[in-house]
Amino acid sequence: MDSLYREKSHMTHKERQLAAIRHVTPDRLPVDCICIENLDAVAAYLGMGADEAMDRLGIDGRIMGPGYTGPTLKGPNGEECTDFGVVHTGDYGTAHSYPLSFDTTLADIGKYPWPQVKDYDVAGLRQRALPVSQKYAVRGPYWMPLFCQVCDLFGMETAMEKMLADETVFDAALERIAEVVTGVCVRMMDECQGALDILCLGDDFATQRGMMISPESWRKHLKPHYARLFAEAKKRGYPVWFHSCGDVTAVLPDLIEIGVDVWETVQLHTLPISAADLKREYGKDLCFFGAVNTQRLPFATPEDVREETIRCIEALGKGGGYICGPDHHIKPQVSVESTLALFDTATSYRLAGYTG
């Protein structure tokens, strides 16, 4: 066994999470969360600051990415844009304007003001992440998607129409996005050695009822870009953590094939197979993250949360390869008591093989 994990009773947050990813049984079950939106309420209840509250909950990882420092882009009415020139309303999955219209041509793709790899503050990321990584498992850049970015630029309906009826333009835009994302990630992995522990990316291409696009289209247009990107991580010794919501089981074997080590987020209530079958079929290849249903959390009692958390742990945690947590954001409507019930249950529960 790797000497990093010999003294399991003395694991740091970082060692614990990396052990789970490598399917080594750590001292206790690792826990994490995409975002705790009621953290201020939790911290106030506990009488401590937000960072202390994260430690009190036992959160083993931290998400960090490089900020965009390139030219400031403006929307049609002078609104501030994202790095790719999209004006968002603030609501997930919606945009105020779509800069690539339905009649976009290859010439339009060529002259579009795409961001440059140099426009991301990788040096600043290293400076911020280095002290954090001494204790926690740092993953990032997180939300630099491919499919979702195409949808932001064209509009989701138009993007899907382009993919089917004008794939040359669709693929040209996708290629430019992938060039930026891959370039930023490669630069980040090279310059943040010792400060970054996990290449973590996200992209949403499924609903709770299955894929938004056919698996065949996903394999044709998206899989090659993910494969090249994940290969860059593997060459540098980084595990790959991939966020994709909903039921992606149709392409889960493909994601394993191209190098995904951690699947975030496991929304068990959306899947066509049971938690036990998920563990049996894919548990040797994947570390699962999530599983506790956040859609129920605002309405669940603390006892309900404890019971569900234990069910998730017992189904997914045996033999390692599970990072317990909510299957998406903990929303502000969730009670402090239920939030504590989730994390306290996970950090205190002992499966066979957990010795902490």
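Cut-offs used in this document
- Residues numbered from 1 in each chain as written.
- Predicted model: local features only at pLDDT ≥ 70, side-chain atom pairs only at ≥ 80, totals over all residues.
- Heavy atoms only, no water.
- Phe/Tyr/Trp six-rings, centres within 6.5 Å; stacked < 30°, edge-to-face > 60°.
- Helix = DSSP H or I, 4+ residues; strand = E, 2+ residues; numbered from the N terminus.
- Buried < 20%, exposed > 50% of the residue type's maximum accessible area, 1.4 Å probe, protein only.
- Lys NZ or Arg CZ within 6 Å of the ring centre and 35° of its normal.
- Polar contact = N/O pair within 3.5 Å; in protein donor to acceptor, adjacent residues only side chain to side chain.
- Salt bridge = Lys/Arg side-chain N within 4 Å of Asp/Glu carboxyl O.
- Axes fitted to C-alpha atoms, helices over the stretch in contact; angles between N-to-C directions.
- Contact = heavy atoms within 4.5 Å.
- Nonpolar A, V, L, I, M, F, W, Y, C, P; charged D, E, K, R; others polar.
- Pairing = 2+ DSSP bridges.
- Right-handed = clockwise from strand over helix to strand, strands pointing away.
- Arc of directions from axis to C-beta.

Colleague: Account for the packing of aromatic side chains, naming residues and giving values.
Modeller: Each aromatic ring pair is specified by the distance between its two centres and by the angle formed by the two planes. Taken as a whole and assessed by the stated rule, the structure comprises 11 aromatic pairs. Ring centres 6.3 Å apart and planes at 75° place the aromatic pair Phe84 and Trp114 in the edge-to-face group. Of the two residues, Phe84 sits in the loop between strand 1 (61-63) and strand 2 (87-88) while Trp114 sits in the loop between helix 4 (106-111) and helix 5 (122-133), which places them 30 residues apart along the sequence. Comparing Phe84 with Trp114 shows no difference in burial state: the two are buried. In textbook terms, an aromatic cluster arises when at least three aromatic residues are bridged by ring pairs, as seen for Phe205, Trp218, Tyr226, Phe230 and Phe242. Sitting over the ring of Trp241, Arg139 keeps its end group 4.1 Å from the ring centre. It is Arg139 that lies over the ring of Phe289; its NZ or CZ is 6.0 Å from the centre.

Colleague: Any details on the side chain of Arg28? Residues and values, ideally.
Modeller: With respect to the helices, strands and loops of the structure, Arg28 is situated in the loop between helix 1 (13-21) and helix 2 (39-46). Among the polar contacts made by the side chain of Arg28, one reaches the main-chain carbonyl oxygen of Gly58 at a distance of 3.1 Å.

Colleague: Give me the lowdown on unusual backbone geometry, citing residues and values where you can.
Modeller: Residue Gly140 is joined to Pro141 through a cis peptide bond whose omega torsion reads 10°. Position of Pro141 among the secondary structure elements: in strand 4 (residues 137-142). The omega torsion of the bond from Glu264 to Thr265 falls at 5°, within 30 degrees of zero and hence cis. Here Thr265 shows up in strand 9 (residues 262-266). Positive phi values are uncommon outside glycine, yet Tyr142 reaches one of about 80°. Inspection of the secondary structure puts Tyr142 in strand 4. By relative accessible area, which is 11% here, Tyr142 ends up buried. Backbone geometry at Ala291 places phi at a positive 95°, although glycine is not the residue there. Within the fold, Ala291 resides in strand 10 (residues 287-292). According to the relative accessible area criterion, Ala291 is buried, its value standing at 2%.

Colleague: Which residues make up the pattern of salt bridges, and what values do they have?
Modeller: Any two side chains of opposite charge can pair, on the condition that their charged atoms come close. Applying the stated rule across the entire model yields 25 salt bridges. The partner of Asp108 in a salt bridge is Lys111, with the nearest N and O atoms 3.8 Å apart. With Asp108 and Lys111 both in helix 4 and 3 residues apart, the pair spans about one turn of that helix. With relative accessibility at 65%, the residue Lys111 sits in the exposed group. For the salt bridge of Arg296 with Glu308, the shortest nitrogen-to-oxygen distance reads 2.7 Å. Of the two residues, Arg296 sits in the loop between strand 10 and helix 12 (302-316) while Glu308 sits in helix 12, which places them 12 residues apart along the sequence. Judged by its relative accessible area of 37%, Arg296 falls in the partly exposed class. Residue class for Glu308 comes out buried when judged on its relative accessible area of 10%.

Colleague: Give me the lowdown on the packing of helix 7 (residues 156-165) against helix 8 (residues 167-191), citing residues and values where you can.
Modeller: Where helix 7 contacts helix 8, the axes come no closer than 6 Å and their chain directions differ by 120°. Taken together, the residues of helix 8 that come into contact with helix 7 (itself represented by Ala159, Lys162, Met163 and Ala165) are Glu167, Val169 and Phe170. Class assignment of the residues belonging to the contact of helix 7 with helix 8 gives a composition of 5 nonpolar, no polar and 2 charged.

Colleague: Pulling in residues and values, what's your account of the pairing of strand 9?
Modeller: Of all 5 residues making up strand 9, 5 are buried, and the element is well covered by its neighbours. When strand 8 (residues 240-243) meets strand 9, the two strands line up parallel, connected through 3 bridges. The residue of strand 9 that forms the bridge with His243 is Glu264. Viewed along the sheet, the connection from strand 8 through helix 10 (residues 252-257) into strand 9 turns out right-handed. In this sheet, strand 10 lies alongside strand 9 in parallel orientation, the contact comprising 3 bridges. For Val266, the partnering residue across the bridge sits in strand 10 and is Gly290.

Colleague: Could you give an account of helix 11 (residues 275-282), with specific residues and numbers?
Modeller: Along helix 11, the residues that are buried comprise Ala275, Leu278, Lys279 and Tyr282. Axial view of helix 11: buried residues confined to an arc of 100°, hence all on one face. On its buried face, helix 11 is in contact with helix 10, strand 9, strand 10 and helix 12.

The analysis is restricted to geometry; functional conclusions fall outside its scope.
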